[in-house]
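The lines below spell out each chain.
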Amino acid sequence: MSGLSSAWSVTEPSSRQKWIAGILVIGYALITMMPLLWVFLTGFKTPPDSISYPPKVIFEPSVEGYVNLFTTRTRVTPSQLDALPPPANFAEEIVRQRDMVIAGPSKFGERFMNSVIIGFGSTFLSIVLGTMAAYAFSRFRIPFTDDLMFFILSTRMMPPIAVAIPIFLMYRQLGLSDTHLGMILLYTAVNISLAVWLLKGFIDEIPREYEEAALIDGYTRFQAFYKVVLPQAATGIASTAIFCLIFAWNEYAFAVLLTSGNAQTAPPFIPTIIGVGGLDWPAVAAGATIFLLPVMIFTILLRKHLLRGITFGAVRK
Amino acid sequence: MSEIIIKNVRKEFDDFVAVQSSSFTIEDGEFFMLLGPSGCGKTTTLRMIAGLELPTSGEILIDGQDVSRLPASQRDIAFVFQMFALYPHMNVRNNISYPLKSQGMRRRDMRAKVAEVSKILGIEDILDKPVGGLSGGDRQRVALGRAIVRDPKAFMMDEPLGALDAEFREHMAEELRSLHDRMNATTVYVTHDQLEAMQMGDKIVVMNHGVIEQFGTPQDIYDRPATTFVAEFIGSPAMNLIRFEGQLAAGDDAVSVGSHRVAVPQSSATAAGKLVLGVRPEHVQLNDASAEGLAARVVATEYLGTTQIVTLESEHGEVKARTAASIDVGVGENLRLGFDVRTLSLFDEADGKVIPSALHDQARDRAGGWAHG
Ligand SMILES: Nc1ncnc2c1ncn2[C@@H]1O[C@H](COP(=O)(O)OP(=O)(O)OP(=O)(O)O)[C@@H](O)[C@H]1O
Ligand SMILES: [Mg+2]
């Protein structure tokens, strides 16, 4: 920046620099937020509004997309419609305006729960195993540590789809196809390399003296680990958990291949909504919006830790 | 409280020997100093006693029981770390009571004990504060509190004053020493600061490159260094080491340094070849050029208030003398040096070890034995 403005202070940015930085950050945020915002808005449009040209920015909001997302519907003739008793609730009312009646709930709720179970389950398992492995690598003298760490990282190097067929065959053989456990194990296997690497970095940063103090104070090694090391690794654990969850939550390729009825997650399910009764974009957008919520809430809850953690322990407190 | 015996303890890290086979005894209630330059194995020795490091070989006995294979948690030894290692996620009270918690002590008893300890250390008003914002001195006191709260068998302290600024160090040193005197707890204290060791210690072990150079009282170590390393390490300025070729028979009470005879304490051994005469700066006398003694020329003077350090050049190398500041010496002046016979040490240059003499008989009588090597 200009010599004049930085002459006042070497480290503190000038107010003009702050302005420029602020504009850049807000501009960037707007650009990245735009698609999300569009998805969010589309979820509240009626189907005709959602495909109108030019696109509608101002429109009358409707929950039709959400109703369609959670229900399956059948078309009826106007005379049948007239014969029906008055609508029992708002959802029924919206559906009847399109000459349809609600046939039953859709599978979205179930698929969403599958995503929750598999996403959080695999994240939990990755973190538990990853923390213990990272602690061992960080603190004990393990022969061939560097080679082992490289091996762990190398499991991430090939594209997942390259191993999809062998895993598909193996899972069929083992009866893990289309099961929650199967998907949890698979996502844990993929995530654990990331977890070990990230967490080892965080644990390396925690001085050994704290554990040694705990040993001296009469605690066993394991007690020292979970009473002294874990609380201090909380930041690292939180940010690692977010990365693991985001991967497991969004994973599509394996989910398409390995799940169908029982353990299908939301990502392969949401596109199938399009096929049910025309291009129902508001329902897809509603599904995407709900799908985004858990990761968003999880991230917001942990954001205090994330901010420090994302620097990967580069900055000491 | 307890006696700690170190028997032939040795520690290797891969191929590197951090501590050579060492033996010494720390008596019950002693304030014991492990002194030596950086990297000499002080911390390693301390950690072996505490159980944070297992010796490669040898035994460590606490109150007669061999603990060398026992985990740290079962040795009942407190450790004050150099950077204090206070648990950052706990407040002061929980830090102090943490060792009690592991013993399953009842809450009420724990509170009482913490109150008692914090009163001794004068930290009652910060008990509920987080440790993050404490000053160096308060951290130090909390670390001490955590150590003394459970009445351990012994205290290990690894350069506990190292993290404090110079002004505060002296104050804390006094506080530590008086705390020790009140509790009479066996304490092993690591430092690389010879002044600190001399001021605070009952006994000192001087280490170098993993080898114990000398073991004794501060006075012994100052007056009767066992090796040239100790002679140079202790004292400021260090002991003068005057190198010369000569010979000495058992019973001799003088030795020829060049053309000049120097009276020394009666030797009890024979030595010949390259020898070293050790003399403390305060035992060097400056005489007129007309007097007897080693010829030397003044090259510098350093004024220290009541005393001054005079640096002289002789044919046997540089010699420093500490004299009263009132004595007037000018740079370039030619003088003769005299040495106080009672405190002279002679070393064999080849192995650096002292040649035993009457000087050491007194020490042995008083301290009940001294050791080196
Ligand atoms: N875990 C270890 N692995 C390998 N070498 C080590 C280990 N711990 C210590 N050492 C080496 O052993 C030697 C003695 O170390 P130690 O920490 O005991 O020295 P010290 O006397 O305490 O020094 P300082 O005054 O610097 O603290 C050093 O050279 C050190 O590099
Ligand atoms: Mg050390």
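Residues numbered from 1 in each chain as written. Chains lettered and ligands numbered in written order. Predicted model: local features only at pLDDT ≥ 70, side-chain atom pairs only at ≥ 80, totals over all residues. Heavy atoms only, no water.

Some words on the domain arrangement of chain B
Much of the literature gives interface size as the accessible area that the parts lose upon coming together.
For step 1, the next point in the chain: Along its sequence, chain B is carved into domain 1 (4-220) and domain 2 (238-352).
For step 2, the next point in the chain: The centre of domain 1 of chain B, based on its C-alpha atoms, is set 40 Å off from the matching centre of domain 2 of chain B. (Domains from an automatic or database assignment.)

A word on the sheet that holds strand β3 (residues 31-35) of chain B
Sheets are built from strands paired through backbone hydrogen bonds, the pairs being either parallel or antiparallel.
Residues and elements named next belong to chain B.
For step 1, the next point in the chain: Read across the sheet, 6 strands follow the order β6-β7-β8-β3-β9-β10 without closing on themselves; strand pairing throughout is mixed. Of all the strands in the sheet, the pair left with one neighbour each is β6 (77-80) and β10 (211-216). Going from strand to strand, the sheet's axes swing by 15° on average, the running direction of each strand aside.
For step 2, the next point in the chain: Of the strand pairs in this sheet, strand β7 (residues 154-158) and strand β8 (residues 187-191) are connected by 4 bridges, and their pairing is parallel. Across the sheet, residue D158 finds its bridge partner in β8, namely V190.
For step 3, the next point in the chain: Its contacts with the sheet place helix α1 (residues 42-50) against β3, β6, β7, β8 and β9 (203-208), and it is angled at close to 155° to β7.
For step 4, the next point in the chain: Each of β6 and β7 touches helix α4 (residues 136-148); the most contacted strand, β6, lies at about 170° to it. (Pairing = 2+ DSSP bridges. Helix = DSSP H or I, 4+ residues; strand = E, 2+ residues; numbered from the N terminus. Axes fitted to C-alpha atoms, helices over the stretch in contact; angles between N-to-C directions. Contact = heavy atoms within 4.5 Å.)

Focus on the confidence of the model for chain A
Residue and element names in this part refer to chain A.
For step 1, the next point in the chain: When pLDDT is averaged along chain A, the result is 87, and 92% of the positions lie at 70 or above.
For step 2, the next point in the chain: Within chain A, helix α1 (residues 3-6) has the poorest average pLDDT of any element, 46, and helix α7 (residues 108-139) the best, 96.
For step 3, the next point in the chain: Counted against residues more than four places away or in other chains, residues 1-6, with its pLDDT under 50, gives 4 contacts.
For step 4, the next point in the chain: Scored below 50 in pLDDT, residues 311-317 makes 7 contacts in the model with residues more than four places away or belonging to other chains. (pLDDT = per-residue confidence, 0-100.)

Focus: the environment of A:F90
Residue and element names in this part refer to chain A.
For step 1, the next point in the chain: Position of F90 relative to the elements: it lies in helix α6 (residues 90-97).
For step 2, the next point in the chain: You can call F90 exposed: its relative accessible area is 55%.
For step 3, the next point in the chain: For the pair F90 and F222, spaced 132 residues apart in the sequence, the C-alpha separation amounts to 57 Å.
For step 4, the next point in the chain: When sequence neighbours within four positions are dropped, the list of residues in contact with F90 reads V63 and V67. (Buried < 20%, exposed > 50% of the residue type's maximum accessible area, 1.4 Å probe, protein only.)

A closer look at the side chain of A:E211
Residues and elements named next belong to chain A.
For step 1, the next point in the chain: As for its placement among the helices and strands, E211 is situated in helix α11 (residues 208-216).
For step 2, the next point in the chain: For E211, a relative accessible area of 2% puts it in the buried group.
For step 3, the next point in the chain: Of the polar contacts made by the side chain of E211, one reaches the side chain of Y135; its length is 2.5 Å.
For step 4, the next point in the chain: Contacts of E211, omitting those with residues within four sequence positions, involve Y135, R139, R221, A224, V228 and V229. (Polar contact = N/O pair within 3.5 Å; in protein donor to acceptor, adjacent residues only side chain to side chain.)

Points about the sheet that holds strand β5 (residues 65-66) of chain B
All names here are of chain B.
For step 1, the next point in the chain: Spatially, β2-β1-β4-β5 is the arrangement adopted by the 4 strands of the open sheet, whose pairing is antiparallel. Only two strands of the sheet have a single neighbouring strand rather than two, namely β2 (16-26) and β5.
For step 2, the next point in the chain: Pairing of strand β1 (residues 4-13) with β2 involves 7 bridges; the strand directions are antiparallel. Its bridge partner being in β2, F13 is matched across the sheet by F16.

Overview of the packing of aromatic side chains
Both the distance between ring centres and the angle between the ring planes are used here to describe each pair of aromatic rings.
All names here are of chain A.
For step 1, the next point in the chain: Counted by the stated rule, this structure contains 21 aromatic pairs over all chains.
For step 2, the next point in the chain: Between Y135 and F225, the ring centres sit 4.6 Å apart and the planes meet at 55°, which makes this aromatic pair tilted. Of this pair, Y135 sits in helix α7 while F225 sits in helix α12 (residues 221-232), placing them 90 residues apart in sequence. Each member of the pair Y135 and F225 is classed as buried.
For step 3, the next point in the chain: Grouping aromatic residues by their ring pairs yields a cluster made of F70, F108, F112, W249, F269 and F291.
For step 4, the next point in the chain: The cationic tip of K45 hangs over the ring face of W38; the distance from NZ or CZ to the ring centre is 4.1 Å. (Phe/Tyr/Trp six-rings, centres within 6.5 Å; stacked < 30°, edge-to-face > 60°. Lys NZ or Arg CZ within 6 Å of the ring centre and 35° of its normal.)

Examining the packing of α11(A) against α12(A)
All names here are of chain A.
For step 1, the next point in the chain: In contact at an axis separation of 9 Å, α11 and α12 are set at 140° when each is read in the N-to-C sense. As judged from the angle between their axes, α11 and α12 are oblique. In the crossing of α11 with α12, the sense of the turn from one axis to the other is right-handed. Within the contact between the two elements, α11 uses Y210, E211, A214 and L215 and α12 uses R221, A224, V228, V229 and Q232.
For step 2, the next point in the chain: Of the residues contributing to the contact of α11 with α12, the split by class is 6 nonpolar, 1 polar and 2 charged. (Parallel < 35°, antiparallel > 145°, perpendicular 65-115°, else oblique. Left-handed = near helix turned anticlockwise from the far one by under 90°. Nonpolar A, V, L, I, M, F, W, Y, C, P; charged D, E, K, R; others polar.)

Details of the pattern of salt bridges
For step 1, the next point in the chain: Counting across every chain of the model gives 27 salt bridges over all chains.
For step 2, the next point in the chain: With a shortest N-O distance of 3.2 Å, A:E110 and A:R111 are connected by a salt bridge.
For step 3, the next point in the chain: Assessed through its relative accessible area of 43%, A:E110 is described here as partly exposed.
For step 4, the next point in the chain: Relative accessible area serves as the criterion here: at 5%, A:R111 is assigned to the buried category.
For step 5, the next point in the chain: Residue B:K203 is joined to B:E27 by a salt bridge in which the shortest nitrogen-to-oxygen separation is 3.9 Å. Pair noted here: B:K203 is in strand β9 and B:E27 is in the loop between β2 and β3, with a separation of 176 residues, a long-range link.
For step 6, the next point in the chain: Its relative accessible area of 41% is what places B:E27 among the partly exposed residues. (Salt bridge = Lys/Arg side-chain N within 4 Å of Asp/Glu carboxyl O.)

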